[in-house]
Amino acid sequence: MIKKLYLVALLSFFTCAAAMAQTTLDVNFHGLGFLDNREYKDFVARSRTYSGTRTALDFGLNIDTLNSFVVGANAIHEFGAKPYFLKVDPIAYYRFKNKNWLFHIGEFPREGLLDDYPRALLNDTLRYYRPNIEGMLVRFDNNQNFKETFWLDWVSRQTVTDREQFLFGMSGKYSPVAKSPFYISHYFLLLHDAGSASEADAITDNGGAQVKLGLDLSHHTFLDSLSFEAGGMMSIERTRGITGLHLPKGFIATAYLSWHWLAFYDEFYSGQGSTIYYCDAFYEKKFYNRADFILTPFVAKGLKGQFIFSVHRTPGFTSNQEAFRLTYD
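Residues numbered from 1 in each chain as written. Predicted model: local features only at pLDDT ≥ 70, side-chain atom pairs only at ≥ 80, totals over all residues. Heavy atoms only, no water.

Caption draft 1: Up close: the overall build of the chain. Helix and strand counts for the chain stand at two helices and 16 strands. Seen along its three principal axes, the alpha-carbon backbone of the chain occupies a region of about 90 × 60 × 50 Å. By the burial criterion, 41% of the 329 residues in the chain qualify as buried. For the chain, the share of sequence-separated contacts (at least 6 apart) that also reach a separation of at least 24 residues comes to 51%. Of the roughly 18200 Å² of accessible surface on the chain, 65% is carried by carbon and sulfur atoms. (Helix = DSSP H or I, 4+ residues; strand = E, 2+ residues; numbered from the N terminus. Buried < 20%, exposed > 50% of the residue type's maximum accessible area, 1.4 Å probe, protein only. Contact = heavy atoms within 4.5 Å. Areas by Shrake-Rupley, 256 points an atom, 1.4 Å probe, with all protein chains shown as cover.)

Caption draft 2: Representation of the confidence of the model for the chain within the structure. Per-residue confidence for the chain gives a mean pLDDT of 90; residues scoring 70 or more make up 94%. This stretch, residues 2–11, has a pLDDT under 50; its non-local contacts, to residues over four places away or in other chains, come to zero contacts. (pLDDT = per-residue confidence, 0-100.)

Caption draft 3: Layout of the pattern of salt bridges. For the structure on display, the rule yields 15 salt bridges. Across the pair Arg-325 and Asp-124 runs a salt bridge, and its minimum N-O distance is 4.0 Å. With a gap of 201 residues between them, Arg-325 in strand β16 (residues 317–328) and Asp-124 in the loop between β5 (101–109) and α2 (126–129) connect regions that are remote in the sequence. Residue classification places Arg-325 among the buried residues on the basis of a relative accessible area of 12%. Classification of Asp-124 as buried rests on a relative accessible area of 15%. For Glu-229, the salt bridge goes to Lys-212, with nearest N and O atoms at 3.0 Å. On the criterion of sequence distance, the pair formed by Glu-229 in strand β11 (residues 225–239) and Lys-212 in strand β10 (residues 204–216) is long-range, its members being 17 residues apart. The network of salt bridges with shared partners includes Asp-36, Arg-38, Asp-124 and Arg-325. (Salt bridge = Lys/Arg side-chain N within 4 Å of Asp/Glu carboxyl O.)

Caption draft 4: Inspection of the nonpolar core at higher detail. Tyr-117, Leu-137, Trp-151 and Leu-189 are the most contacted members of the largest nonpolar core, which totals 32 residues. Those elements that provide at least two residues to this core are β4 (87–97), β5, β6 (132–141) and β9 (182–195). Looking at which element gives the most residues to this core, the answer is β9, with three residues. If we skip the residues at most four places from it in the chain, Leu-189 touches Tyr-117, Leu-121, Leu-122, Trp-151, Leu-167, Phe-168, Gly-169, Gly-207 and Gly-208. If you look at the next biggest cluster of nonpolar residues, it comprises five residues, including Leu-32, Phe-34, Ile-76 and Tyr-128. (Core = buried A, V, L, I, M, F, W, Y, C linked by side-chain atoms within 4.5 Å.)

Caption draft 5: Inspection of the packing of aromatic side chains at higher detail. Applying the stated criterion across every chain, the model contains 28 aromatic pairs. Judged by centre distance (4.9 Å) and plane angle (55 degrees), the ring pair of Trp-101 and Phe-140 falls under tilted. Linking Trp-101 in strand β5 with Phe-140 in strand β6, this pair joins segments that are 39 residues apart in sequence. Judged by its relative accessible area of 43%, Trp-101 is partly exposed. Judged by relative accessible area, Phe-140 falls into the partly exposed class, the value being 23%. The positively charged end of Lys-173 is found above the aromatic ring belonging to Tyr-183, 4.2 Å away from the centroid. (Phe/Tyr/Trp six-rings, centres within 6.5 Å; stacked < 30°, edge-to-face > 60°. Lys NZ or Arg CZ within 6 Å of the ring centre and 35° of its normal.)

The following block contains the structure:
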């Protein structure tokens, strides 16, 4: 009996040793510095300067080549503010990744996952003040001509004072043949707001969607990048039992080109104004054009620094914005 126990203990030891031999530890640092001055003549309350730094440090325990657990923290400091850290967001999630599939569950950075969403649906200040997704995300990518992402982000848990709010959405890109310059892309999100536990609040649904045809000519010209997109946008606005379902619609088109350190981006919208809670406020207008002039003088391994001068045009107003962002991974 004792020999059998020794044999079981010995086998258990070698099994654990073999498992630990395949376990590795990743240390990942991400830094973001930003100075974003907005002179919005349309929205005086939002005409302000955002400035500060975000620093994130996390540790990834790789169980094997497919499964990992990641823990860490992401902290923001606004220049001149006290106390030093405005907020510290925890990072804690499980990750599965193979050739085609990616799955996250927990609190994980949105950078690299949802940062391609149009500002008409998710505004860019989320990058400064809400860097994490709290929920789950799954992505399929065949690495040729099809990619699709589904995600759920829990914004607020219901209490006596806090409202129950969560975002969910999907986005994807499809080309008829691999490496074709033609593609179709789509983005969708919806905010579900069920109110607080102490009030009989009406349930609110708010979100939007875009479907666009695209043409990527980056490998067909002397430019580093050249792409065009055009399509439709629709917002979803409803307060159940109070208002009907409103679906404002419009046309949206974008153009992007870059050459070495220089780039230009232009976005045009025309249609019915949309009120999407997490979107850039300019899309409340029936006409909007944004032109970005981009200079990227700082480029190194894992590092990018950009100056961006933006001109915003709406009926009766022309606004400007100057931003500098430095990121390091």
